[in-house]
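Structural description and commentary
Each chain, letter by letter, is given below.
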Amino acid sequence: MQHGLLRYVREAAASGAPLPGELDLTARLGCTRQQLRRAMAALEAQGIVRRRQGSVTTVDPIALRLSVRLEEQFDHAELLDRLGYRAEVETLALRRVELGADSAAVMELAPNTPALAVRKRWRADGTVAMIADDVVPLEGEMPEDAEESIFTVAARVWGEPIIWEVATPGVSTLDPALADLFERPVGTPVMTLEVIGIGASGRRLLHSREYHDPTLVSYAVVRTVRPPWGGATRQPRG
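Residues numbered from 1 in each chain as written. Predicted model: local features only at pLDDT ≥ 70, side-chain atom pairs only at ≥ 80, totals over all residues. Heavy atoms only, no water.

For Ala63, the location among the structural elements is in helix α4 (residues 61-66). Spatially, the C-alpha atoms of Ala63 and Ala220 are 9.5 Å apart, while their sequence positions differ by 157 residues. Contact partners of Ala63, with chain neighbours within four places excluded, come to Gln46, Gly47 and Ile48. (Helix = DSSP H or I, 4+ residues; strand = E, 2+ residues; numbered from the N terminus. Contact = heavy atoms within 4.5 Å.)

Encoded structure:
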């Protein structure tokens with residue numbers, strides 16, 4: 001029921017239309033009015049929906065974006081779940097490699113350092129939402145259960161968790177290989193993130209390149225505006 005409700009919330013945010021009425025929603029979602037009211041109360045507490053007695057229920061698209069803030073890190077399946085998508089994740093490739101020049105440079109390691117390379121793909125309601133290429137330097141053999149979360153793998157390999165990420169957003173277009181995996185035409189624009197995961201010791205434990213379909217998830221960043229809020233302070237005359 002929650003996933004279905006969030007789908008209507010996403011649609012209302014995109015169109016600027018109010019949500020369907022309570023009786024309509026309970027019929028569409030196959031739930032009781034009590035179940036719907038509890039779910040709506042949770043969304044209202046987050047500021048995502050606005051309800052007024054005797055009036056339509058509206059969606060605040062800005063509050064919806066805040067549920068997937070770029071400065072917060074969590075598993076992509078959880079992010080999709082927050083937006084009401086049914087998330088699936090699959091491992092496309094998992095192999096031992098040697099660090100290429102780019103990864104070696106950002107991780108401050110020698111080229112050809114042994115590493116684990118993992119490519120995963122996330123779907124949202126069956127549509128490809130994101131592909132991630134993750135690289136973790138290795139000491140010794142590849143870890144068991146290397147298909148689990150890359151953060152768990154990095155912590156097991158290096159004995160410390162990733163506690164910071166430096167994420168650099170960008171934009172690109174799909175080349176033939178990625179277009180095939182994304183099931184989109186060649187040249188489709190995607191949002192990119194280059195991510196460097198850093199442990200408490202300062203060691204760089206992870207290098208990732210992510211490719212996101214921007215039509216499925218819109219990220220938000222919250223920034224503090226520093227005073228003076230009106231711009232430059234006018235200097236007194238005389």
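The structure having been displayed, the exposition proceeds.
What follows covers the packing of helix α1 (residues 2-15) against helix α2 (residues 22-29). For the pair α1 and α2, the least separation of the axes is 10 Å and the interaxial angle reads 130 degrees. By the angle between their axes, α1 is oblique relative to α2. In the crossing of α1 with α2, the sense of the turn from one axis to the other is right-handed. Residues Gly4, Leu5 and Tyr8 of α1 lie in contact with α2, whose contacting residues are Leu25, Arg28 and Leu29. The residue inventory of the contact of α1 with α2, partitioned by class, reads four nonpolar, one polar and one charged. (Axes fitted to C-alpha atoms, helices over the stretch in contact; angles between N-to-C directions. Parallel < 35°, antiparallel > 145°, perpendicular 65-115°, else oblique. Left-handed = near helix turned anticlockwise from the far one by under 90°. Nonpolar A, V, L, I, M, F, W, Y, C, P; charged D, E, K, R; others polar.)

The subject of this paragraph is the sheet that holds strand β5 (residues 127-137). Taken in spatial order, the six strands of this open sheet run β3-β4-β5-β8-β7-β6, and their pairing is antiparallel. Here the strands that pair on one side only, and so sit at the sheet edges, are β3 (87-98) and β6 (162-173). Going across the sheet, the axis of each strand differs from the next one's by a mean of 15 degrees, ignoring polarity. With ten bridges connecting them, strand β4 (residues 114-124) and β5 associate as antiparallel partners. Bridging from a neighbouring strand, Val118 pairs with Asp134 of β5. (Pairing = 2+ DSSP bridges.)

With that out of the way, let us pick up helix α3 (residues 33-45). Compared with an ideal rise of 1.5 Å per residue, which puts 13 residues at 18 Å, α3 spans 18 Å between its outermost C-alpha atoms and is within 8% of the ideal. One or two residues past the end of α3 sits Gly47, with phi positive at roughly 80 degrees. (Expected span 1.5 Å × (residues − 1).)

This part is about the packing of α2 against α3. Close contact between α2 and α3 brings their axes to 10 Å; oriented N to C, the two are set at 105 degrees. Judged by the angle between their axes, α2 and α3 are roughly perpendicular. Contact with α2, carried on its side by Glu22, Leu23, Leu25, Thr26 and Leu29, involves Arg33, Leu36 and Arg37 of α3 and no other residues of that element.

Per-chain confidence: the protein averages 87 in pLDDT, with 94% of residues scoring 70 or above. Across the protein, element-level confidence peaks in helix α8 (residues 176-182) with a mean pLDDT of 97 and bottoms out in α4 with 78. (pLDDT = per-residue confidence, 0-100.)

All right, on to the pattern of salt bridges then. Taken as a whole, this structure holds 14 salt bridges when the rule is applied. With a closest N to O distance of 2.7 Å, Glu183 and Arg123 form a salt bridge. Placement of the pair is Glu183 in the loop between α8 and β7 (189-199) and Arg123 in strand β4, with a sequence separation of 60 residues. With relative accessibility at 48%, the residue Glu183 sits in the partly exposed group. What makes Arg123 buried here is its relative accessible area of 14%. Glu148 is paired through a salt bridge with Arg156; the nearest N and O atoms lie 2.4 Å apart. The exposure class of Glu148 is partly exposed, given its relative accessible area of 28%. (Salt bridge = Lys/Arg side-chain N within 4 Å of Asp/Glu carboxyl O. Buried < 20%, exposed > 50% of the residue type's maximum accessible area, 1.4 Å probe, protein only.)

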